[in-house]
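An overview of the molecular structure
Listed here are the chains, written in short residue letters.
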Amino acid sequence: MKFVWTLLYVCSILHILGGEIFSSVYKLSILAKEEGKLLEAFKKYVTIQNNAQTSISFELQRLINDLEPPVSQSCQDPKYAENPINAYHLIGRFVYKWPVVFANILCEDCELDEAALHLNMTYQTVNANIDYWPDDYDVKATAQALLRLRIFYYFNIDEVINGVLFGEHCQPLNPSQIIKLIRIAADSSMLHEARLWCEALLRKLQFSSHLDEYINEVAILRLLATIFNKIRHK
């Protein structure tokens, strides 16, 4: 796949240090495989709670519903991490979703039953195996890699948002993820890219059922106006 090598080239442009998780497809592949262990432990926890007729929070139910489909695929597909869109999803789950799972089940005030202890043990094992837990800096780097990939290959942004890159299908990007990309582009002085992604998001919202009081046409138009203002004063 041509974008595998491009992703690595883009990462080298960003002066990424060897110890950071996003610096190689190999490390991302390890991350994807280890995430499968977290999912199985999380599913076991939910199953045990349900069998005991113990209710789980709405947030945990939403998280299991969000995590199960993509992680079930990522941990079994050895080529999953080769796709820059998948890499962005993968890092995002480790930074924004799994910490919420742990905060709800493994908090200081939480009662740790057998299922919770198993999840905690799995977390400790995974944390040791990956050496480095991704953070916001990793999200920024994978986003910049995707943004720079478009500069090199001029791919169709609307198709990428819908999960199609160079003819290969993957998980689409939701409006929140696109907003993150736009803000990273703007903060990285990639204002032309920020404008293009912002305009693409406006087109997507016309056909999206995404509900978020902070992500709507008015909010996107304001963001676009801010980007145009920065371009004029650059």
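Use the structure listed above.
Residues numbered from 1 in each chain as written. Predicted model: local features only at pLDDT ≥ 70, side-chain atom pairs only at ≥ 80, totals over all residues. Heavy atoms only, no water.

**Thoughts on the nonpolar core**
In globular proteins that are soluble, nonpolar side chains generally tend to be buried together. Counting 70 residues, the largest nonpolar core has Phe-42, Trp-98, Val-101, Ile-105, Ile-182 and Trp-197 as the members making the most contacts within it. With eleven residues, helix H4 (residues 84–105) is the single largest residue contributor to this core. (Core = buried A, V, L, I, M, F, W, Y, C linked by side-chain atoms within 4.5 Å. Buried < 20%, exposed > 50% of the residue type's maximum accessible area, 1.4 Å probe, protein only. Helix = DSSP H or I, 4+ residues; strand = E, 2+ residues; numbered from the N terminus.)

**Considerations on the packing of helix H2 (residues 25–51) against helix H5 (residues 114–130)**
Between H2 and H5, the shortest axis-to-axis distance is 9 Å and the interhelical angle comes to 175°. One way to sum up the angle between H2 and H5 is to call them roughly antiparallel. Across the interface between the two elements, Ile-30, Leu-31, Glu-34, Lys-37, Leu-38, Ala-41, Phe-42, Lys-44, Tyr-45, Ile-48 and Gln-49 of H2 pack against Ala-115, Ala-116, His-118, Leu-119, Thr-122, Tyr-123, Val-126, Asn-129 and Ile-130 of H5. (Axes fitted to C-alpha atoms, helices over the stretch in contact; angles between N-to-C directions. Parallel < 35°, antiparallel > 145°, perpendicular 65-115°, else oblique. Contact = heavy atoms within 4.5 Å.)

**Overview of the layout of surface pockets**
One simple way to see leftover space: roll a probe sized like a water molecule over the atoms. In this structure, the largest pocket spans a volume of roughly 390 Å³. Lining the largest pocket we find 17 residues, and of these His-89, Lys-97, Asn-174, Ser-176 and Gln-177 sit closest to its centre. Going through the elements one at a time, helix H3 (58–74), H4 and helix H8 (175–187) are the ones with two or more residues in the lining of the largest pocket. Sort the elements by how many residues they give to the lining of the largest pocket and H4 lands first, with six residues. (1 Å grid on protein atoms, 1.4 Å probe; cavity = no way out; pocket = protein on both sides within 12 Å on 5 of 7 lines; lining within 4 Å. Points joined across faces, edges and corners; volume = space filled by probe spheres on them.)

**Quick look at the packing of H8 against helix H9 (residues 191–205)**
Where H8 contacts H9, the axes come no closer than 8 Å and their chain directions differ by 160°. On the basis of their axis angle, the class for H8 and H9 is roughly antiparallel. Crossing of H8 over H9 shows left-handed handedness. Every residue of H9 that contacts H8 at Pro-175, Ile-178, Ile-179, Leu-181, Ile-182, Ala-185 and Ala-186 is listed here: Leu-191, Glu-193, Ala-194, Trp-197, Cys-198, Leu-201, Lys-204 and Leu-205. Considered class by class, the residues forming the contact of H8 with H9 number 13 nonpolar, no polar and two charged. (Left-handed = near helix turned anticlockwise from the far one by under 90°. Nonpolar A, V, L, I, M, F, W, Y, C, P; charged D, E, K, R; others polar.)

**Regarding helix H6 (residues 136–153)**
In this model, H6 (18 residues) spans 26 Å end to end at C-alpha, consistent with the 26 Å of a helix rising 1.5 Å per residue. Looking at H6, one finds that the buried residues are Asp-138, Val-139, Ala-141, Thr-142, Ala-143, Gln-144, Ala-145, Leu-146, Leu-147, Leu-149 and Arg-150. The N-cap residue of H6 is Asp-135: its side-chain oxygen and the backbone nitrogen of Tyr-137 are 3.0 Å apart. Within two residues after H6, Tyr-154 carries a phi angle of roughly 50°, on the positive side. (Expected span 1.5 Å × (residues − 1). Polar contact = N/O pair within 3.5 Å; in protein donor to acceptor, adjacent residues only side chain to side chain.)

**A look at unusual backbone geometry**
Residues other than glycine seldom take positive phi values, yet Gln-53 does so here, at roughly 55°. Residue position: Gln-53 is located in the loop between H2 and H3. On the basis of relative accessible area, Gln-53 is assigned to the exposed category, the value being 75%. Phi at Tyr-154 takes a positive value of approximately 50°, unusual for a residue other than glycine. Its location among the elements puts Tyr-154 in the loop between H6 and helix H7 (157–161).

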